[in-house]
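Working through the structure, step by step
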Amino acid sequence: MSPRRWLLADQLGPHFLDDPDQPVLLIEARELFRRRPMHRQKAHLILSALRHRAAELGDRALLLRTGTFREALDRVGGQVEVCHPHSRAALRFVRSVPGLAVLPPRGFITDRADFATWADRQPGPLRMPDFFRYALRRHGVLTAPDPNAAPGGDPARCRPRSAASAQPVPPPPPVVEDDIDGQVRRDLDRWAADGVRFVGRDGPRRFPATHAEAQARLTHFVRHRLPEYDRYADVMSVHDPLLTHSGLSSSFNLGLLDPAPAVRAAEAAWRDGLAPRAAVEPFVRGLLGWREFLWQLYWYVEPRQQGARWLTATEPLPQWFAELDADAVEARCLADVLAAVRDRAFTHHVPRLLVLNNYALQRGWRSAELVDWFQRSFVDGADWVMNATVLGMSHHADTPRVETRPYAVDGTDIDEISDYCAGCRYTPERALGDLACPYTGGFETFLHRNRERLVDDPRLAAELLRRDDPEHREAVLVQEEKRGSTPP
């Protein structure tokens, strides 16, 4: 008889099983939800996905609900195996369990040995664009020339000023809650009454909990949103939090979707003339480039202590931010994005970097606390994603082995790619005064606070030179010191 395959909560798609008759183990460990406050909708999605998978597998699945994972494993007889977990802590745990066989990783496209070979050959810091070019060649993706390529220039970048600015797109297939979701909600209500803390608001399940739901959304995305992806991928709008994004990051990170077929589906849309290469390539870059790069870095680069930092980040995360108190915020972009996290546990990557991470970077909030906040507050939060993204890609606090840059911009940059500033009480061009944008004043303070560390960054060094009037500098520093970490 085949060993029982333990499917972790981020390994719930069909590609994590080989034998159609293999017995399966699923574990709901309450310790996962007691350790630290998790977003209520993230907790719901995890439990819903686990229970839906158990229902799909029927008699093959043994679903255990225990206080800890070790308690559950002690109750299972016979051989048990598990695919390589997606965090160092989980890997340490499964390796500590006697007799538990650990299989190679799944759910990613590039083999870890292949990445290590590529990385070892790089003469300088590891760069995602270099890796992406390698991955395209290695996996034979988008290798043919584009017969429809227009000579010269990049595609136009859209700046929506109203909901009507973008072409209307049919809504994605709805998520319909069922009896499983109803029981999950009742269980979480009971847990909350028993003292388990959550952040964010409860709400109807918005994200797929099964492979079928996720595949339906992927098919819809490729047909309806992918053709315009290049025009709106880096845009933020108060009227449409998704625009042309797929909203499937939680489906990939729960293991409901295999990224390799998703990449091939996007490539097929280009080859069949359904989407231009200019739209397909940035989507593929997100999966085959960024997602793979962050996963590989997590295992390839030896982690520093999370308190280590290149930029000054010593202030604690303020309570209003940690508790998702969007109503305390007047800055329109931050209020809207924080409310999206509170109400949906999700935003796409641009608000995460340029609104949330950017503000935290400017205010000098501790990187490790921000990593933890992202992991707990987003439905797609995962250790391997958030460590590399927050510590390295936004806070520039990781390692000289990897090329990183701080995502620090002022209010005019946010205005350039969004429709937030038109309805905001602050003025993005102003760094001083009652109408001064907190991002603009905060950006100048960030530059001056880290001036000795920014000399090697051409963009930020140039920005610093433009803001080097001593009288203006001192006035901004006094103003932003007074603002501190209070809600802007």
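Rules and cut-offs
- Every chain is numbered on its own, with residues counted from 1 as its sequence reads.
- Per-residue local features of the predicted model are confined to residues with pLDDT of at least 70, and side-chain atom pairs are confined, for both listing and counting, to 80 or more; whole-chain, interface and lining totals are unaffected and use all residues.
- Calculated side-chain values reflect all of the structure's heavy atoms, with hydrogen atoms and water omitted.
- In this description, a nonpolar core means a group of buried Ala, Val, Leu, Ile, Met, Phe, Trp, Tyr and Cys residues linked to one another through side-chain atoms lying within 4.5 Å.
- Throughout, exposure labels follow a simple rule: accessible area from a 1.4 Å probe, protein chains only, divided by the maximum for the residue type, with under 20% read as buried, over 50% as exposed, and the rest as partly exposed.
- Whether two residues are in contact is decided by their heavy atoms, any of which lying within 4.5 Å being enough.
- Helix and strand assignments come from DSSP, with helices taken as H or I runs of at least 4 residues and strands as E runs of at least 2, each series counted from the N terminus.
- We define a polar contact as two N or O atoms separated by no more than 3.5 Å, with the added condition that, inside protein, one atom must be a possible hydrogen donor and the other a possible acceptor, whereas residues neighbouring each other in sequence contribute only through side-chain atom pairs.
- To get an axis, a line is fitted to the C-alpha atoms, and for a helix only the part in contact is used. The angle between two axes follows their N-to-C directions and goes from 0 to 180 degrees.
- What sets the label is the angle itself: under 35 degrees gives roughly parallel, over 145 gives roughly antiparallel, 65 to 115 gives roughly perpendicular, and the rest give oblique.
- For this scheme, ten residues count as nonpolar: Ala, Val, Leu, Ile, Met, Phe, Trp, Tyr, Cys and Pro. Four count as charged, namely Asp, Glu, Lys and Arg, and the remainder, Gly too, count as polar.
- Just to be clear on terms, a salt bridge is a Lys or Arg side-chain nitrogen sitting within 4 Å of an Asp or Glu carboxyl oxygen.
- Per-residue confidence from the prediction method is given by pLDDT, with values spanning 0 to 100.
- If DSSP finds at least two bridges between two strands, the strands pair.
- When two cysteine sulfur atoms are found within 2.5 Å, that pair is recorded as a disulfide.

**Here's the deal with the nonpolar core**
Ranked by internal contacts, the top residues of the largest apolar core, which has 70 residues, are Leu226, Val284 and Leu288. Excluding residues within four positions of it along the chain, Val284 makes contact with Phe132, Leu136, Val141, Leu142, Val263, Ala266 and Gly289. Counting residues in each nonpolar core, the second largest holds 63 residues, with Leu73, Tyr359, Trp373 and Met386 among its members.

**Re the side chain of Asn358**
You can see Asn358 is positioned in helix α15 (residues 349-363). On the accessibility criterion, Asn358 (0% relative accessible area) is buried. Within the local environment of Asn358, its side chain forms a polar contact with the backbone oxygen of Leu354, the two atoms lying 3.1 Å apart. Not counting the four nearest positions on each side in its chain, Asn358 is found in contact with Leu353, Tyr407, Ala408, Val409, Ile414 and Tyr439.

**Topic: the packing of helix α5 (residues 112-120) against helix α12 (residues 277-300)**
At their nearest, the axes of α5 and α12 sit 10 Å apart, and the two run at 80 degrees to each other. Considered as vectors, α5 and α12 are oriented roughly perpendicular to each other. Taken together, the residues of α12 that come into contact with α5 (itself represented by Arg112, Phe115, Ala116, Trp118, Ala119 and Asp120) are Phe293, Trp295, Gln296, Leu297, Trp299 and Tyr300. Classifying every residue of the contact of α5 with α12 by side-chain character gives nine nonpolar, one polar and two charged.

**Overview of the pattern of salt bridges**
Summed over all chains, the structure comprises 36 salt bridges. In this structure, Glu177 and Arg185 form a salt bridge, with 2.8 Å as the shortest nitrogen-oxygen distance. By relative accessible area, Glu177 is classed as partly exposed at 29%. One continuous salt-bridge network, built from bridges that share partners, spans Glu28, Arg51, Arg65, Asp187 and Arg190.

**Observations concerning the confidence of the model for the protein**
Predicted confidence across the protein gives a mean pLDDT of 88, with 88% of residues reaching 70 or more. Per-element mean pLDDT across the protein ranges from 66 in helix α17 (residues 383-394) up to 98 in helix α2 (residues 40-57). Low pLDDT, under 50, characterises residues 151-164; the stretch is placed with 27 contacts to residues that sit more than four places away or in other chains. Taken as a whole, residues 393-398 scores under 50 in pLDDT and shows 40 contacts with residues more than four places along the chain or in a different chain.

**Some remarks on unusual backbone geometry**
Positive phi, normally seen in glycine, also occurs at Leu142, with a value near 55 degrees. By the element assignment, Leu142 lies in the loop between α6 (128-139) and α7 (179-193). Residue class for Leu142 comes out buried when judged on its relative accessible area of 4%. Non-glycine residue Ala345 carries a positive phi angle of around 60 degrees. Taking relative accessible area as the criterion, Ala345 reaches 0% and is therefore assigned buried.

**A word on the sheet that holds strand β4 (residues 61-66)**
Ordered by their spatial adjacency, five strands build an open sheet running β4-β2-β1-β5-β6, and the pairing between neighbours is parallel. Lying at the two open borders of the sheet, with one neighbouring strand each, are β4 and β6 (100-103). For this sheet the average axis-to-axis angle between neighbouring strands, irrespective of direction, equals 30 degrees. The sheet contact formed by strand β1 (residues 4-6) and strand β2 (residues 24-29) spans two bridges and is parallel. Its bridge partner being in β2, Trp6 is matched across the sheet by Leu25. Its contacts with the sheet put α2 on β2 and β4, and the angle it makes with β2 is roughly 155 degrees. On top of the sheet, helix α4 (residues 88-96) reaches β1, β5 (80-83) and β6; it is set at about 140 degrees to β6, its chief contact.

**Quick notes on the state of the cysteines**
Inspection of every chain in the model, using the stated rule, returns zero disulfides. Summary of cysteine pairing: Cys424 is not part of a disulfide, and the nearest cysteine sulfur, belonging to Cys421, is at 6.4 Å.

**Brief notes about the environment of Phe374**
Tracing the sequence through the fold places Phe374 in helix α16 (residues 367-377). Sequence separation between Phe374 and Met38 is 336 residues, and the spatial gap between their C-alpha atoms is 9.9 Å.

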